[in-house]
Amino acid sequence: MAKHIILGAAVAVAIALGGAPAAMAQRKGGDVVVGISQAPPSLDAQITSAQASRNITLHIFETLYARDENAKPVPELAEGVTVSADGKTYVFPIRKDVTFHNGKKLDAGDVVASLERYRKIGASPALVAAIDAVKASGEHEVTVTLKQPQSTFLDNLSSPRAPIAIYPASEAAKEAGKIEIVGTGPYKFVEYKPDSHVKLTRYDGYAPNPKGTGRDGFAGRKEAFLDTVTFRFMPEGGARTAALEAGQIQFNETVDGPTAKRLGTDNRFTIHKVMPFGLQVIKFNQAQAPANDVNFRLAVQAALDMEEIMAISYADIYQLDPSWLYPGSAFYGTAGSDKYNKADLKLAKELLGKSSYKGGKVTFIVDNLRANVDTATVVQQRLKEIGVDVDIAVSDWPTVSKIGFTPTGWTFWTHGFGIEPFEGPGSVMAPWVNGLSQQAKDPEIDRIAAAFNAELDEARRKALYVAFQKHMYDAAVAMKAGNYGVFQASTAKLKNFKPYRIPRMWGVWLEP
Amino acid sequence: MGSFLIRRLAGAFVVLALVSLMSFALIWLVPGDPAAAFLDASATPQQIATLRSALGLDLSLPQQMLGWYGRILSGDLGQSILLNRSVSAALIERLPVTLSLAALALAFAVLFGVAAGIIAAVNHNRWPDQAVMTTALLGLSVPDFWLGLVMVLVFAVSLGWLPSGGFTPFMESPGVWLRGMILPALTLGLVQVGFIARMARASMLDTLGQDYVRTADAKGLAKLDVVLRHALPNAMIPILTVIGIVSGALLGGAVIVEQVFSIPGIGRLIVGAIASRDFPVLQGGLLFLAVVYLAINLVVDILYAVVDPRVRLS
């Protein structure tokens, strides 16, 4: 018996020690330099939807609600919410333990001022368009009244696209881009050297959300171990990789497939896969022939081999998936998948025969991102087999987007949708409402989107989203080729990193 | 000298007027919309229209042109769309970075280029001459972005001697600044070494064949003395012209080198402005570079007279 007790105790000690290294390894200190490909246009989080800004600002600022690991909205600076029966009044109790980087305690006035500022100059006005009034209903309580019920209101409030960051009221009174960079997040701003870097330092006065048990998406418990985090702007991919190998940066936000393979075999580095990071979309311009003809669009949809497109455009890091949302989303589903990835040339020719297309060149506009050019090239070759003559016009993003926002000069346009599927069904529908992306109104989409936004019942919302996705395929409004990912690389000394939509530098530490 | 300067400054003014016109023409020559570039693919037409109006892009071309000339005549290069600061401030911030990079590269190119040219000329048609000329041709043929990446792989990644990129201001730490600038300056300068070496060789060969050099030689002066004190000063005029051209090329080359080494100079500013259609920065940057080119040319012309008293600037 005694033997068993001793053995049991030994096992318990062994288990405790076995688990200990991870816990003990967490240590404060260290400076991490993150190589990012683009400079942020602004660190005023509310006024820009640039990913380069989000990468940095979400380390500094927090929002009332934020997205958890599965992109579900959860309280961050709010303690929770009470929604009135009619769905129009939201009462947010605000956490009392939070202090801004300038030493000021967070209160309802800061939240009201921040929301009002976003309503005036926020980069994604649609996020707050439903708000009728915002007022402080207590020192630590804010009441938001909506013009009409909006099922996606908490989704919007927690969107990381152009975050509805909470600033001190004194800063929220300032114009776009004129604020002091003062937030409540785990890191505070030190300096921004244009075309060079942004440096942050750990905020020791940070109050983690008491409801958070660990790192959880953009929410949860954001423990900062590093002394400083510097985001260095390095547009050259080769230079970023060289800097990582030379030990001058500790994290590279994106590397290409061959580099990931090479670094992956070196135990000094760790490769991280962010999967999915975006979905590859091929749009039709429905304002003009031949894409104004549903049979033409269905013919193209039937002809395309999505595996071929994704394997060439995003070799080593793609997945075929008919859903317009990411796996893990509460609304994820495969409606319409019977028309996805058919690669059926016979059916395509039949449908094309029923269409008004009788030959002639159609233009595929594409920006100079390699994966997008590859997508256009594969589509061009595939459509040649059914007799559609595609001309590819490559320009840089400003040129292509200018053309793509107009109803003439193009038939096809491809690029990625990254943040929309992460944000959820409302954001996935939005680009097609009012014919924004396809240049011709689609009454069915407009009807579904309006109903979805007003519907508060979860089951009926899901049914509406299924109808939307099915319609995308039945009318070939646009085509989704597949999901793509991103390779990231770090020094193996950077521990406990977990890929997400931004390279989160909380919850990670550096080993000596 | 005075009349020369007045004539040259008047010429420079005409050139600047033409450059400013061309800079303005960029707005309608370059495709793409700054507003669309600033917003993402899901921007609504209203958002784009609002931003275009804020940027003054909805005004007629004559109105925009009048605004542009009005501003530059009053010394105002406008406000950047993206940088949240005036174009002048953005340029002045980056000027020391690019100038210090170009100056280091120029010093390197002149030192090695002139030395290599002299060695080649003195050893005309012998192996040092052929070696210098082959190396010079190789240097001229190498693209600077490729050379930069090779430098990084060798000196930063493999040997670990120097940083692979980034910039530390001189005033913050002269030592760190120098370490960070060696590779970019070498990359930028190396391509120009060959150019200067070839010109220095040709000019020295020409000078070494002159009677006064033969006389100095016949007088029994030391070979080094003949070459450096007698021949070199007279060979310097064509070399100075090349140095002037090279200085301009260095500023142009800085665009690529600053990208590769992540150096926040004017080149990088202009590349960013092109990519984002930040027209005020692009226009102001081009005008600014034109002023720098003109200043370099003027300095080179003045140096002619300093080096060779026979040259009269009047």
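Not measured: the values here are computed from a predicted model.

Undergrad: Tell me about the pairing of strand 12 (residues 228-233) of chain A, and please be specific about residues and values.
TA: Residue and element names in this part refer to chain A. Burial analysis of strand 12 places six of its six residues in the buried class, the great majority of the element. Burial of strand 12 is two-sided: the residues Thr228, Thr230 and Arg232 facing one way and the residues Val229, Phe231 and Phe233 facing the other way are all buried. Sheet analysis places strand 9 (residues 197-202) next to strand 12, joined by five bridges and oriented antiparallel. What sits directly across from His197, in strand 12, is Arg232.

Undergrad: Describe a nonpolar patch on the surface, with residues and values.
TA: Taken together, the side chains of Leu153(B), Val154(B), Leu159(B) and Trp161(B) make up a nonpolar region of the molecular surface, amounting to roughly 380 Å² of accessible area. Residue placement: Trp161(B) occurs in the loop between helix 7 (144-158) and helix 8 (174-208).

Undergrad: Mind laying out the packing of aromatic side chains, listing which residues take part and the relevant values?
TA: Residues and elements named next belong to chain A. Applying the stated criterion across every chain, the model contains 27 aromatic pairs over all chains. With a centroid separation of 5.9 Å and an interplanar angle of 75°, the aromatic rings of Phe218 and Phe422 are classed as edge-to-face. Taken as a pair, Phe218 in the loop between strand 10 (215-216) and strand 11 (219-220) and Phe422 in helix 13 (residues 419-423) lie far apart in primary sequence, 204 residues in all. The pair Phe218 / Phe422 is uniform in exposure class, with both members buried. The interplanar angle of 90° and the centroid separation of 6.1 Å between the aromatic rings of Phe405 and Trp413 together place this pair among those described as edge-to-face. Through a chain of ring-to-ring contacts, the aromatic side chains of Phe284, Phe296, Tyr357, Phe364 and Phe412 assemble into a single cluster. Seen from the ring of Trp506, Lys222 lies directly overhead, with NZ or CZ sitting 4.9 Å from the centre. Directly above the aromatic system of Trp413 lies the positively charged group of Lys283, at a separation of 4.2 Å from the ring centroid.

Undergrad: Account for the environment of Met151(B), with residues named and values stated.
TA: Residues and elements named next belong to chain B. Its location among the elements puts Met151 in helix 7. Judged by its relative accessible area of 8%, Met151 falls in the buried class. Taking the C-alpha atoms as reference, Met151 lies 8.7 Å from Pro184; in sequence the two are 33 residues apart.

Undergrad: Which residues make up the interface of chain A and chain B, and what are the values?
TA: Size of an interface, as often reported, equals the accessible area lost when the parts are brought together. Each partner contributes residues to the interface: chain A has 32 residues there, and chain B has 39 residues. Across the chain A/chain B interface, buried area totals approximately 2900 Å², and carbon plus sulfur atoms make up 55% of it. Area buried by chain A at its contact with chain B is led by Asp195(A), Pro398(A) and Phe405(A), which between them contribute 20% of it. Counting every contact that joins chain A to chain B gives two salt bridges.

Undergrad: Break down the environment of Asp396(A) for me, with residues and values.
TA: For Asp396(A), the position within the fold is in the loop between strand 17 (389-395) and helix 12 (397-404). Separated by 29 residues in sequence, Asp396(A) and Asp367(A) have C-alpha atoms that sit 4.9 Å apart. Ignoring any residue separated from it by four or fewer positions in sequence, one finds Asp396(A) in contact with Asp367(A), Asn368(A), Ile274(B) and Arg277(B). A polar side-chain atom of Asp396(A) sits 2.7 Å from a polar atom in the side chain of Arg277(B).

Undergrad: Talk me through the packing of helix 10 (residues 223-260) of chain B against helix 11 (residues 266-276) of chain B; I want residue IDs and the actual numbers.
TA: All names here are of chain B. For the pair helix 10 and helix 11, interaxial distance at closest approach is 7 Å and the crossing angle is 85°. Relative to helix 11, the element helix 10 is oriented roughly perpendicular. For the pair formed by helix 10 and helix 11, the contact residues are Val255, Glu258 and Gln259 on the first element and Ile266, Gly267, Arg268 and Val271 on the second.

Undergrad: Could you give an account of the pairing of strand 13 (residues 251-255) of chain A, with specific residues and numbers?
TA: Residues and elements named next belong to chain A. Burial within strand 13 is extensive, with four of its five residues counted as buried. Relative to strand 13, strand 1 (residues 31-36) runs parallel, the two sharing two bridges. Bridge assignment links Val34 to a residue of strand 13, and that residue is Phe251. Here strand 13 runs beside strand 19 (residues 478-491); their pairing, made up of three bridges, is antiparallel. Paired with Val255 across the strands is Phe487, a residue of strand 19.

Undergrad: Account for the sheet that holds strand 6 (residues 131-138) of chain A, with residues named and values stated.
TA: Residues and elements named next belong to chain A. The strand order across the open sheet formed by four strands is 4-5-7-6, and the pairing between neighbours is antiparallel. At either end of the open sheet lies a strand with only one pairing partner, and these are strand 4 (82-83) and strand 6. For strand 5 (residues 89-93) and strand 7 (residues 141-146), the ladder comprises five bridges, and the chain directions are antiparallel. Across the sheet, Val91 pairs through a bridge with Thr143, a residue of strand 7.

Calculation criteria
Numbering of residues begins from 1 in every chain and follows the order in which that chain's sequence is written. Lettering for chains starts from A, numbering for ligands starts from 1, and both go in the order in which the items are written. In view of the model being predicted, local features appear only for residues whose pLDDT reaches at least 70, and side-chain atom pairs are presented and counted only at 80 or more, with totals across whole chains, interfaces and linings using the full set of residues. Values reported for side chains reflect all heavy atoms of the structure, with hydrogen atoms and water molecules removed beforehand. Throughout this description, buried means an accessible area under 20% of the type-specific maximum (1.4 Å probe, protein chains only), exposed means over 50%, and partly exposed covers the range between. In this description a helix means any DSSP run of H or I spanning at least four residues, a strand means any run of E spanning at least two, and both kinds are numbered starting from the N terminus. Strands were regarded as paired on the criterion that DSSP finds at least two bridges between them. Surface patches are drawn from residues lacking salt bridges whose relative accessible area is over 30%; two like charges belong together within 9 Å, two nonpolar side chains (Val, Leu, Ile, Met, Phe, Trp, Tyr) within 5 Å. Each accessible area is a Shrake-Rupley estimate made with a 1.4 Å probe; only the visible protein chains count as cover when residues are assessed. Salt bridges are identified by distance alone: a Lys or Arg side-chain nitrogen within 4 Å of an Asp or Glu carboxyl oxygen. Stacked, tilted and edge-to-face are the three classes applied to pairs of Phe, Tyr and Trp rings, where Trp contributes its six-membered ring and a pair requires centres within 6.5 Å; stacked means planes under 30 degrees apart, edge-to-face means over 60, and tilted covers the rest. Geometrically, a lysine NZ or arginine CZ counts as sitting over a ring once it is within 6 Å of the ring centre and also within 35 degrees of the ring normal. Contacts between residues were defined by any pair of non-hydrogen atoms, one from each residue, lying within 4.5 Å. The term buried area denotes the loss of accessible surface (1.4 Å probe radius) that occurs when two parts are joined, taken as the sum for both partners. Pairs of N or O atoms within 3.5 Å make up the polar contacts considered here, provided that, within protein, one atom can donate a hydrogen while the other can accept it, and that residues adjacent in sequence are counted only when both atoms are side-chain atoms. Axis definition: a line fit to C-alpha positions, over the contact stretch in the case of helices; interaxial angles, taken between N-to-C directions, run 0 to 180 degrees. Angle categories are assigned with fixed cut-offs, so that under 35 degrees is roughly parallel, over 145 is roughly antiparallel, 65 to 115 is roughly perpendicular, and the rest are oblique.

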